[in-house]
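Next come the chains, spelled out residue by residue.
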There are 2 protein chains.
Amino acid sequence: MEFFKVVSPEEASEAVRGFSPLPAEEIPSFDAVGRVLAEDVASPVDLPEFPRSTMDGYAVRAADTFGASESIPAYLDIAGYVPMGSAPDFKVGGGQAARINTGGMMPAGSDAVVMDEYTTAPDERTVEIRRPGAVGENVLCVGDDLKAGERILPEGSRLRSHDIGAFSGVGITAVKVRRRPLVAILPTGDELVDPREVPAPGQVRDINRFSLAAAVVELGGVPETDDILPDDLVAIKSRLGEAVERADVVLISGGSSMGMRDYAVEAIDSLGEPGVLVHGISIKPGKPTIIGRVRRGDVDKAVVGIPGHPVSALMIFHAFVRPILRQLSGEIGSDFGREAGVSATLGRNLPSAPGREDLVRVRLERGEEGIIAHPLMGNSAMISTMTKADGYITIPLENEGIRAGAEVRVTLY
Amino acid sequence: MEFFKVVSPEEASEAVRGFSPLPAEEIPSFDAVGRVLAEDVASPVDLPEFPRSTMDGYAVRAADTFGASESIPAYLDIAGYVPMGSAPDFKVGGGQAARINTGGMMPAGSDAVVMDEYTTAPDERTVEIRRPGAVGENVLCVGDDLKAGERILPEGSRLRSHDIGAFSGVGITAVKVRRRPLVAILPTGDELVDPREVPAPGQVRDINRFSLAAAVVELGGVPETDDILPDDLVAIKSRLGEAVERADVVLISGGSSMGMRDYAVEAIDSLGEPGVLVHGISIKPGKPTIIGRVRRGDVDKAVVGIPGHPVSALMIFHAFVRPILRQLSGEIGSDFGREAGVSATLGRNLPSAPGREDLVRVRLERGEEGIIAHPLMGNSAMISTMTKADGYITIPLENEGIRAGAEVRVTLY
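Residues numbered from 1 in each chain as written. Chains lettered and ligands numbered in written order. Predicted model: local features only at pLDDT ≥ 70, side-chain atom pairs only at ≥ 80, totals over all residues.

1. Looking at the overall build of chain A
Looking only at helices and strands, chain A features seven helices and 28 strands. Here chain A has a C-alpha radius of gyration of 31 Å; the compact-globule value for 413 residues is 22 Å, and the former is much larger. Across the 413 residues in chain A, those meeting the buried criterion constitute 52%. Relative to all contacts within chain A whose residues are 6 or more apart in sequence, the contacts with residues 24 or more apart total 72%. (Helix = DSSP H or I, 4+ residues; strand = E, 2+ residues; numbered from the N terminus. Rg over C-alpha atoms; globule rule 2.2 N^0.38 Å. Buried ≥ 20, exposed ≤ 12 C-beta atoms within 10 Å, placed from the backbone. Contact = placed C-beta atoms within 7 Å.)

The following block contains the structure:
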């Protein structure tokens, strides 16, 4: 009987580093929210391209308003009204002002805008100014927002709604982004049947194929589910070989039985270098995880043997497949999102075996003094322990547990 | 000149409460990740439907292993090997054991599984047991995960990958979810041109139409963008009237000029009760926001006048439109996600005017002692202050600012 060599979560994380970003594809920028840039994007133009008012008010020469106050206002002649959407056909000379709306083009000669509330126009020709304007006040000068040639975002940025807005503002209507990672899911298990079928005694409906596919979608990847792998080494090698050619990541789901694990290891190793790197991780749930890599051309394909228990499957997906997808998508940056979570007070003592990282599912409850995290008991074979959970807390390898009342950080599902 | 009556962010939040969930639609459960349940979902069957082993090992009668130890093992006869995917055709009698894999069906007569590592099979007929099994140990009994009739998830749950897995496990292949909210975006502004065009002097490329549409997509809604509204009350009333019939939420984007605001208010009020509820919020950025509601049949349509500055537009969207979309999608629960965020140390003093809620964009940096939040300066007219930001911090209404070194919670974009 083989006892696999269990490595720490940190060592396992090493095995999922160094994947290259996928090739780029050009798409309309309006469809690019959530995608990752495959190139630095610079502004082709100045934004704004002309000096604009950021307020409703009067465009003035600041010098004409120096010293203006409630008691001693300045009086200026109204030289005109700036139309929205075209250049004013007049100038603001000494002692003059122009009515202007937010976003309007500053007339030649003006260098500041005095806000509406500090002005009164007793007639159509004169405006009373009760506050001095400083040069540049309430004015966005040419290139203040973005200069022509200035980088808007670096390669590797995951695009958010405001990034799409910035692209629109400078006329960028197509961008190069990384192709979405294609993840092949190969289910194993002679006991599995399709959820549409009525299982015979001893058979169960497949869970992992569908929960893993949904998890891939949640992370912006494209899942491809395959028929159940037979418990046969030749067939496994052949199906796995095809999947590695086609997909960027291959998940062999289930196969938690010792025999299937051995087959998976042998099949992965048969596909090429470097083969299986990790076989067993000191993490709960998810110990019987396999991490392999297979070189094709100048890129590595990831092949991960995902444990069969439904809770283990998803927790391992988040811990070790998510980082692979992030690298394939070429996303850079500090991944602050990983540190996002909810602070909560632990509802009861939580023991943990030292030498093992524990991922404990919790239900959150809003209490009098903040949020309470209630650990959910139950086996990792029980999917209901996840449907009832709001997220999970991580008890590090060396830790013997956490006491009730301690503050914990909950990673939300 | 009209000065609108500014309300607090809290009062404005009142105006966006009480929207009814949208009608339900039935979709395949495999496509339902991210959607919100429109019904309670109960399990039609027990899960598991037969007692299963959660480990590789030997199914035994626990009583036969009482007192077994390394020094005094128990020896049991191997009655058979449980096949995966079918019912064992034998029983485990007194003094007997059966080889079983994870997920295998417990043979009649057995009530516990002893893990592989505490067993040795010296030959094919006998197994040595070196640890006692307790009744039920490493066994998932009928209905342990979910009982027939037990609620898996309540109406209003936003479905996550593991929920899809649970549905598969009990054979639920279609679910009723809320229709996605349809959000019509009506841009205004005579100065706006399509991003594909080259603007003439005084014209600018439209930003908000596209950033708002992307923000709707980010929240699971369906955006519908319309041509630019002319600066004409009759046309605005007519286009707004059509949009209210068609869409669940109507955003009038831009129109930050005083005249357009007046038109928007008049047009909203002309559509029916209750009309405009908020006109101006003590929040920065985003003061000139309009919130209206128009009753159609027995539901309220939301009509929100979004400020024209691109930063204000998105911040107001997140603060006041996001809650509307959440209600329309029927999502229940504590919205713990709103409290998720990153803890950071403020990089420098940040003054704030009391009586106004300030939403300050920050860039995050990983320092020696944790994450530092650097406030980004710049006008809300500058979209680049958002593309450079990782998120924002909120300075409450009554606060006069936050000192450098204080711990702040950053809501990530």
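This is not the end of the story, as more comes after the structure.
2. With respect to the relation of the copies chain B and chain A
With an RMSD of 0.1 Å, chain B superimposes on chain A once it is rotated by 180° and translated 0.0 Å along the axis. The transformation just described matches what one would write down for a two-fold rotation axis. A high fraction, 100%, of the interface residues of chain B reappear at the interface in chain A, so the copies pair face to face through one surface. (Least-squares fit on C-alpha atoms with pLDDT ≥ 70 in both.)

3. A few points about the nonpolar core
Counting 236 residues, the largest nonpolar core has Val250(A), Leu251(A), Val250(B) and Leu251(B) as the members making the most contacts within it. With residues up to four places along the chain from it excluded, the contact list for Val250(A) reads Ala184(A), Leu186(A), Leu240(A), Ala243(A), Val244(A), Lys301(A) and Val303(A). (Core = buried A, V, L, I, M, F, W, Y, C linked by C-beta atoms within 7 Å.)

4. Re the interface of chain B and chain A
Many structure descriptions define interface size as the accessible area lost when the parts assemble. Contact residues are listed per partner, giving 80 residues for chain B and 80 residues for chain A. Those elements that provide at least two residues to the side of chain B that touches chain A are strand E11 (151-153), helix H2 (161-169), strand E15 (204-205), helix H3 (208-218), helix H6 (310-328), strand E24 (357-367) and helix H7 (384-387) of chain B. Take the side of chain B that touches chain A: its biggest share by element is eight residues, from H2(B). Here the residues of the side of chain B that touches chain A are counted per class, giving 37 nonpolar, 27 polar and 16 charged. (Nonpolar A, V, L, I, M, F, W, Y, C, P; charged D, E, K, R; others polar.)

5. Looking at the sheet that holds strand E7 (residues 112-115) of chain A
Residues and elements named next belong to chain A. Read from one edge of the open sheet, six strands run E7-E4-E6-E5-E9-E8, paired in mixed fashion. Looking at the sheet topology across the chains shown, the edges are occupied by E7 and strand E8 (119-123). With direction set aside, neighbouring strand axes in the sheet form an average angle of 40°. Taken together, the four bridges between strand E5 (residues 74-81) and strand E9 (residues 126-129) define a ladder with antiparallel strand orientation. By the bridge assignment for E9, tyrosine 75 is matched with glutamate 128. (Pairing = 2+ DSSP bridges. Axes fitted to C-alpha atoms, helices over the stretch in contact; angles between N-to-C directions.)

6. Considerations on the sheet that holds strand E5 (residues 74-81) of chain B
All names here are of chain B. If you trace the six strands from one edge of the open sheet to the other, you get E7-E4-E6-E5-E9-E8, paired in mixed fashion. Strand pairing shows two members of the sheet lacking a second neighbour, strand E7 (112-115) and strand E8 (119-123), which therefore form its edges. Recorded for the sheet is a direction-independent mean angle of 40° between the axes of neighbouring strands.

7. As for H3(B)
Burial within H3(B) is extensive, with nine of its 11 residues counted as buried. Three or more residues of H3(B) are buried, namely Asn208(B), Arg209(B), Phe210(B), Ser211(B), Leu212(B), Ala213(B), Ala214(B), Ala215(B) and Val216(B). Elements that come into contact with the buried residues of H3(B) comprise helix H2 (161-169) of chain A together with strand E13 (182-187), strand E16 (222-225), strand E17 (249-253), strand E21 (299-306) and H6 of chain B. Looking one or two places after H3(B), you find Gly220(B), whose phi comes out positive at around 85°.

8. Details of the pairing of strand E26 (residues 391-395) of chain B
All names here are of chain B. With four of five residues buried, E26 lies mostly within the body of the structure. Pairing between E24 and E26: five bridges, direction antiparallel. Bridged to arginine 361 within E26 is tyrosine 392.

9. Concerning the confidence of the model for chain A
Detailed reading of the predicted coordinates is not advisable wherever pLDDT is low. When pLDDT is averaged along chain A, the result is 93; 97% of the residues meet or exceed 70. Both confidence scores are given for the complex: pTM 0.93, ipTM 0.92. (pLDDT = per-residue confidence, 0-100.)

10. Some details on the domain arrangement of chain A
If you check the domain split of chain A, you get domain 1 (9-22 + 180-332), domain 2 (24-47 + 151-178), domain 3 (52-140) and domain 4 (339-412). Centre-to-centre separation of domain 3 of chain A and domain 4 of chain A, based on C-alpha positions: 60 Å. (Domains from an automatic or database assignment.)

11. Comments concerning the environment of Thr120(B)
Among the structural elements, Thr120(B) can be located in strand E8. Between the C-alpha atom of Thr120(B) and that of Arg130(B), which follows or precedes it by 10 residues, the distance is 8.4 Å.

12. As for the packing of H2(A) against H3(B)
Where H2(A) meets H3(B), the closest approach of the two axes is 8 Å, and the angle between their N-to-C directions is 155°. Of the possible angle classes, the one that applies to H2(A) and H3(B) is roughly antiparallel. The way H2(A) lies across H3(B) gives a crossing that is right-handed. Here H2(A) contributes Ser161(A), His162(A), Ile164(A), Gly165(A) and Ser168(A) to the contact with H3(B), which in turn contributes Asn208(B), Phe210(B), Ser211(B), Ala214(B), Ala215(B) and Glu218(B). (Parallel < 35°, antiparallel > 145°, perpendicular 65-115°, else oblique. Left-handed = near helix turned anticlockwise from the far one by under 90°.)

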